[in-house]
Amino acid sequence: MSEAKRDVRATDKRSLPVVVRALNGYGRTIRRIRPSHGRLNADALVSKAQESAKLDDFGPDGWQEGFQILVDSVNDEGNLSQLGRMIMGGLLDTTLQMRLRVVDWANQHPEVAQERVTAPIVVSGLPRTGTTLLSNLLDLDPQNRSLMAWEAAAVAPPPTLSSHKEDPRIAESVKDSGQLSKLAPSVQAMHPMAATLPTECVTLLGGEFKSIHFETQGTFDTYGTFFETCDMVPAYEFHRLCLQVLQSTIPTQRWALKTPGHMWHMDAVYAVYPDARVVWTHRDPLKVVGSVASLNSTLHATNTDQVDFARVGRTWRDKCLHGVKVGTEFRDRQGPNDTVFDLQYAELMDDPVGSVERIYRHFNMELDDLGRRRMAAWMDENPQDRFGRHRYTLDQFGLDADEVRDQFAPYVDRYQVPSEGEV
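Cut-offs used in this document
Residues numbered from 1 in each chain as written. Predicted model: local features only at pLDDT ≥ 70, side-chain atom pairs only at ≥ 80, totals over all residues. Heavy atoms only, no water. 1 Å grid on protein atoms, 1.4 Å probe; cavity = no way out; pocket = protein on both sides within 12 Å on 5 of 7 lines; lining within 4 Å. Points joined across faces, edges and corners; volume = space filled by probe spheres on them. Helix = DSSP H or I, 4+ residues; strand = E, 2+ residues; numbered from the N terminus. Buried < 20%, exposed > 50% of the residue type's maximum accessible area, 1.4 Å probe, protein only. Contact = heavy atoms within 4.5 Å. Polar contact = N/O pair within 3.5 Å; in protein donor to acceptor, adjacent residues only side chain to side chain. Core = buried A, V, L, I, M, F, W, Y, C linked by side-chain atoms within 4.5 Å. Axes fitted to C-alpha atoms, helices over the stretch in contact; angles between N-to-C directions. Parallel < 35°, antiparallel > 145°, perpendicular 65-115°, else oblique. Salt bridge = Lys/Arg side-chain N within 4 Å of Asp/Glu carboxyl O.

Some thoughts on the layout of surface pockets
Gaps left between atoms are located by rolling a probe of water-molecule size over the structure's atoms.
Logical step 1: Roughly 190 Å³ of volume is contained in the second largest pocket.
Logical step 2: Mapped by element, the contributors of at least two residues to the lining of the second largest pocket are α5 (82-108) and α12 (233-247).
Logical step 3: With four residues, the single largest contributor to the lining of the second largest pocket is α12.

Given below as structure tokens:
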């Protein structure tokens, strides 16, 4: 395959299958006649989830605020297509049912509350900074357990040791991933995903409806502002409950978790996991902002009638600026007690296994020979551009490189982030 054919870029609605474009066209026509067509209704979603799950206890109150803000933001700001409204409705339904089942399992099995989640490894940092690669490597250490994509979507009932590799929910997750690949085939090159690979914690945090992953589906400004300023401790308490449920049937020594969203709320991470071992990955912001804008534009293209590339670029630039600001402010408050390990993307790419070893040394952990060999073998089998090369430019998203460089200069100086050249 030629290099040109292997390049992948942000896409717009013209790349969608004909049947999807027809569905979206139908939706636009109906909304001109009846503007309320396809709007999500919070009460109806809750009732539907309760009926489907045959459960009605959502656990402690508080989740309703984020849920209602998200629904309103999706309806009023998302510019979602007919397909996008269906996808968001399905995502919210799945999340509500997940919460219902987790709460029910914990109620039916009170011993879950005695499970201890001890000293988890928590990988964070801006999006597109190598967190996925690092998460995959950590999962290869037999002492670690990562959250699998299929588990995140269906925490309860938890899998058992005998069913973990052949649970029927794996096939359902594979089917969902296949549907996304059909709608946005370039996503795999930008962000490789699979049902049985480690995934981000965002779905667990989403159980409280306080999670950054909802914003990958569309630009929801009001919800985005809410997420940046909300109290995340309840979300991490639900996150911990999910881990307790999962490890109640599969003994787990140490969790290895990741999502860039942790960086936005490190105070809440440590409030719930005071012994967390946090790794913060760093990369040239010019590469980060362009890459994250490209990824989100591609995801938005499956859900919206028209992608506003400049808006996506501004939104995620500002999110990244906010993330490094609040993350750094948290560390400044920690002072001498700051135990976060900083890892440069360039170092991770140059020596992946050596980078893991340095992380372990920092936290007084030991990587044994089996873990080291498994990581090396995985790297041999999974070269960086296995699914194609991700191409993007800042000007695709209405951003100026010099301006972005100036905006992130304090971050680059503070963490001595090396430049990767022009985008």
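So, next bit.
Side note on the environment of Gln217
Logical step 1: Along the chain, the position of Gln217 falls in the loop between α10 (202-206) and α11 (221-229).
Logical step 2: Assessed through its relative accessible area of 18%, Gln217 is described here as buried.
Logical step 3: For the pair formed by Gln217 and Leu91, sequence separation is 126 residues and the distance between their alpha carbons is 9.9 Å.
Logical step 4: When sequence neighbours within four positions are dropped, the list of residues in contact with Gln217 reads Leu80, Ile87, Met88, Leu91, His300 and Asn303.
Logical step 5: For Gln217, the side chain forms a polar contact with the side chain of Thr216, separated by 3.1 Å.
Logical step 6: Here the side chain of Gln217 touches Asn303 through a polar contact of 3.0 Å, side chain to side chain.

Some words on the nonpolar core
Logical step 1: In terms of nonpolar packing, the biggest core is built from 85 residues, with Phe67, Leu92, Leu96 and Val102 touching the most fellow members.
Logical step 2: Once you skip the residues sitting within four places of it in the chain, Val102 turns out to touch Val155, Ala156, Phe238, Leu241, Cys242 and Val245.
Logical step 3: Ranked by size, the runner-up nonpolar core spans 21 residues in total, among them Leu343, Val356, Tyr360 and Met365.

Things to note about the packing of helix α3 (residues 42-53) against helix α4 (residues 63-77)
Logical step 1: Close contact between α3 and α4 brings their axes to 10 Å; oriented N to C, the two are set at 120 degrees. Comparing the axis directions of α3 and α4 gives the class oblique. Mapping the contact onto sequence places Ala42, Leu45 and Val46 in α3 and Trp63, Phe67, Gln68 and Val71 in α4.

Some remarks on empty space enclosed by the protein
Logical step 1: A complete count under the given rule lists one cavity of 30 Å³ or more for this structure.
Logical step 2: Taken together, Val202, Leu205, Ser211, Ile212, Phe227, Met232, Tyr236, Thr259, Gly261 and His262 make up the full set of residues lining the largest cavity.

Notes on the pattern of salt bridges
Logical step 1: One pass over the full model with this rule turns up 20 salt bridges.
Logical step 2: Note that Arg145 and Glu151 form a salt bridge whose closest N and O atoms lie 3.0 Å from each other.
Logical step 3: Its relative accessible area of 9% is what places Arg145 among the buried residues.
Logical step 4: On the accessibility criterion, Glu151 (0% relative accessible area) is buried.
Logical step 5: Members of the salt-bridge network, linked through shared partners, are Glu357, Asp369, Arg372 and Arg373.

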